[in-house]
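Structure at a glance
Chain by chain, the residues run as shown.
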Amino acid sequence: MISIIIPFYNEAESLPILIDQLIDQLDKIKKEYEIILVDDGSKEVSNIKYQILNIKTFHHRKRLGKGAALKTGIENSNGDIIVFMDGDLQDDPKDINKFLKKINEGYDFVNGIRTDRQENFLVKSYSYLATKFLKIFLHSPFTDINCGFKVFKKEVLKDFNFYGNNFRFFPLATFLNGYKVSEISIVNNQRKFGKTKF
Ligand code: UDP
Ligand code: MG
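Residues numbered from 1 in each chain as written. Chains lettered and ligands numbered in written order. Predicted model: local features only at pLDDT ≥ 70, side-chain atom pairs only at ≥ 80, totals over all residues. Heavy atoms only, no water.

Attention shifts here to the nonpolar core. General note: in soluble globular proteins, nonpolar side chains tend to be found buried as a group. In this structure, Ile4, Ile6, Leu22 and Ile35 are the most contacted members of the largest nonpolar core, which totals 29 residues. Listing elements by their share of this core, those giving two or more residues are strand S1 (2–8), helix H1 (14–29), strand S2 (33–39), strand S4 (81–84), helix H3 (96–104) and strand S7 (181–186). With seven residues, H1 is the largest single contributor of residues to this core. Other than its neighbours up to four places away in sequence, leucine 22 contacts Ile4, Ile6, Ile35, Met85, Pro93 and Ile96. (Core = buried A, V, L, I, M, F, W, Y, C linked by side-chain atoms within 4.5 Å. Buried < 20%, exposed > 50% of the residue type's maximum accessible area, 1.4 Å probe, protein only. Helix = DSSP H or I, 4+ residues; strand = E, 2+ residues; numbered from the N terminus. Contact = heavy atoms within 4.5 Å.)

Printed below as a string of structure tokens:
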């Protein structure tokens, strides 16, 4: 089973569109799946109520951060394959198939690379420097370590404890723990609704 974990904070406009696109894609893949929506204490009133059996929703009473939302998702997931993706429509559900192909090739963890990243110069420069630093000093194999879109086997979680907002270390820790990691380039859409939470 595949568990798709989507942390979100105030993404009421994007989510219904994303869910439709996801169901469309996942039905094509013909694997059992569950969509896990984790509401990280959104302030806006939304009418996100799904009657579909394979969508589960969890709520934080207040905003605890993306990392904590991912942890809530993990704790409530049943899949042997886990997908992390954002709830703002910047990630494209069509890429899930590409990730799964890599997993089927034998990789334990596949990270996305936002080849055409929709970010301002400052964010891009910071990311570039962080990536270079991690490559030189920690032999990081990742091109876009901060990309939130990733797919991995559940077993890699045995060796990584999500707490607070340490989720940014997850790819490197998984690599350093000896798992077989890989990357694929993915689509990165411009944010259509709302604004960045970071
Ligand atoms: N998010 C969250 N809690 C937070 C911050 C962000 O659940 O405290 C969610 C957000 O709603 C989105 C994802 O994490 O689904 C990525 O956030 P965002 O798009 O703001 O990050 P960016 O793409 O700008 O790096
Ligand atoms: Mg975003």
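Around ligand 1 sit 16 residues, and of these Glu11, Asp40, Asp88, Thr196 and Lys197 come closest. Note that an oxygen atom of ligand 1 is positioned 2.9 Å from one of the backbone N or O atoms of glycine 87. Side-chain polar atom of aspartate 88 to an oxygen atom of ligand 1: 2.6 Å apart, as the coordinates give it. A total of 530 Å² of accessible area belongs to ligand 1 in isolation, and the protein chains cover 92% of it. In this structure the site holding ligand 1 corresponds to the largest pocket. In the shell around ligand 1, the residues fall into four nonpolar, four polar and eight charged. (Near = heavy atom within 4 Å. Polar contact = N/O pair within 3.5 Å; in protein donor to acceptor, adjacent residues only side chain to side chain. Areas by Shrake-Rupley, 256 points an atom, 1.4 Å probe, with all protein chains shown as cover. 1 Å grid on protein atoms, 1.4 Å probe; cavity = no way out; pocket = protein on both sides within 12 Å on 5 of 7 lines; lining within 4 Å. Sits in = over half its atoms within 2 Å of the grid points. Nonpolar A, V, L, I, M, F, W, Y, C, P; charged D, E, K, R; others polar.)

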